[in-house]
Amino acid sequence: MRAALVLVVGALALPGCALLGKGEPVVPRYFTAEYDGEAAAAPVRSPLRLRLGRVEGSTHLRERVASRSAAREYSYYETLRWTERPEVYLRRALARTLFEERGLVEALSGRGVTLDLELIAFEEVEAPRRARLQVRLLLRGDRHGLLEETITVEQPVAADAGPDRAAALVEALSLALRAGVNRIADQVVARLAEQAAAGGLAQDGGP
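Residues numbered from 1 in each chain as written. Predicted model: local features only at pLDDT ≥ 70, side-chain atom pairs only at ≥ 80, totals over all residues. Heavy atoms only, no water.

> Can you explain the packing of helix α2 (residues 86–101) against helix α3 (residues 165–197)? Please cite residues and give values.
Two elements in contact, α2 and α3, have axes whose closest approach is 10 Å; the angle formed by their N-to-C orientations is 50°. In terms of axis orientation, α2 runs oblique to α3. In this structure, the crossing between α2 and α3 has a hand that is right-handed. Residues Y89, L90, A93, L94, T97 and L98 of α2 lie in contact with α3, whose contacting residues are L177, V181, N182, I184, A185 and V189. Here the residues of the contact of α2 with α3 sort into ten nonpolar, two polar and no charged. (Axes fitted to C-alpha atoms, helices over the stretch in contact; angles between N-to-C directions. Helix = DSSP H or I, 4+ residues; strand = E, 2+ residues; numbered from the N terminus. Parallel < 35°, antiparallel > 145°, perpendicular 65-115°, else oblique. Left-handed = near helix turned anticlockwise from the far one by under 90°. Contact = heavy atoms within 4.5 Å. Nonpolar A, V, L, I, M, F, W, Y, C, P; charged D, E, K, R; others polar.)

> Which residues make up the pairing of strand β4 (residues 73–82), and what are the values?
As paired elements, strand β1 (residues 29–31) and β4 share three bridges and run parallel to each other. Pairing of R29 across the sheet is with L80, part of β4. The pairing of strand β3 (residues 64–70) with β4 spans five bridges and is antiparallel. Bridging across to β4, R64 finds its partner in R81. As consecutive antiparallel partners, β3 and β4 are separated by two residues. (Pairing = 2+ DSSP bridges.)

> Got a sec to walk through the pattern of salt bridges? Specific residues and values, please.
The final tally for this structure, using the stated rule, is 18 salt bridges. We note a salt bridge from R54 to E56, for which the minimum N-O separation is 3.8 Å. A residue is classified by how much of its surface remains accessible, and E56, at 42% relative accessible area, is partly exposed. The partner of R132 in a salt bridge is E123, and the shortest N-O contact between them spans 3.4 Å. Accessibility classification places R132 together with E123 in one group, the buried group. A single network of salt bridges, built from pairs that share partners, joins R68, E123, R130, R132 and E154. (Salt bridge = Lys/Arg side-chain N within 4 Å of Asp/Glu carboxyl O. Buried < 20%, exposed > 50% of the residue type's maximum accessible area, 1.4 Å probe, protein only.)

> Explain the packing of aromatic side chains to me, and be specific about the residues and the numbers.
Across all of its chains, the model carries two aromatic pairs by this definition. Both rings, one in W82 and one in Y89, keep their centres 5.9 Å apart while their planes meet at 70°; by these two values the pair is edge-to-face. Assigned by exposure class, W82 and Y89 land together as buried. Centre to centre, the rings of W82 and F122 are 5.4 Å apart; their planes meet at 40°, and the pair counts as tilted. Placement of the pair is W82 in strand β4 and F122 in strand β6 (residues 114–125), with a sequence separation of 40 residues. (Phe/Tyr/Trp six-rings, centres within 6.5 Å; stacked < 30°, edge-to-face > 60°.)

Without other data, these values stay purely geometric and don't point to any function.
The structure is reproduced here in structure tokens:
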């Protein structure tokens, strides 16, 4: 009986030994999607005013880099992480582009036009391998919407990146972010200018 008990205990202990055995440690790599802005030439100050409102990310976009292998299937890289959540990169890049590079006046209080954004996709897409950014934007006035659009940008991942495929993916996502932000800024500035020309927007210092 004692021998049988020893065999049972030994059998139960084996999986634990395997779990506690030494393996390759998981060491995360942290990346940023930030990019350098345009040259620091002083922009012509625009009379157009804009409030940058909510910039939110879909719930599946967090610190781990996302990958889409099929139309409805997501996975995440175990060791590839963002230093911040992706929507933080979007907000920072858009604020710099609109208010520093394009010269819009940032409205912090009072009535005016507000831009809200939702980051829907910031991911790798396979076959062929590419980086994908998708943003839904809503430009709204005090009483009605001025522009509602979903912008999608895809950027190929360099095939000759060598062994560091992760760095190539991050570079492609950063380029997609830059292209997407510029497209958003183009759309927003054009719409604000149209409204201002039609007398539908208050100018800087207006009510």
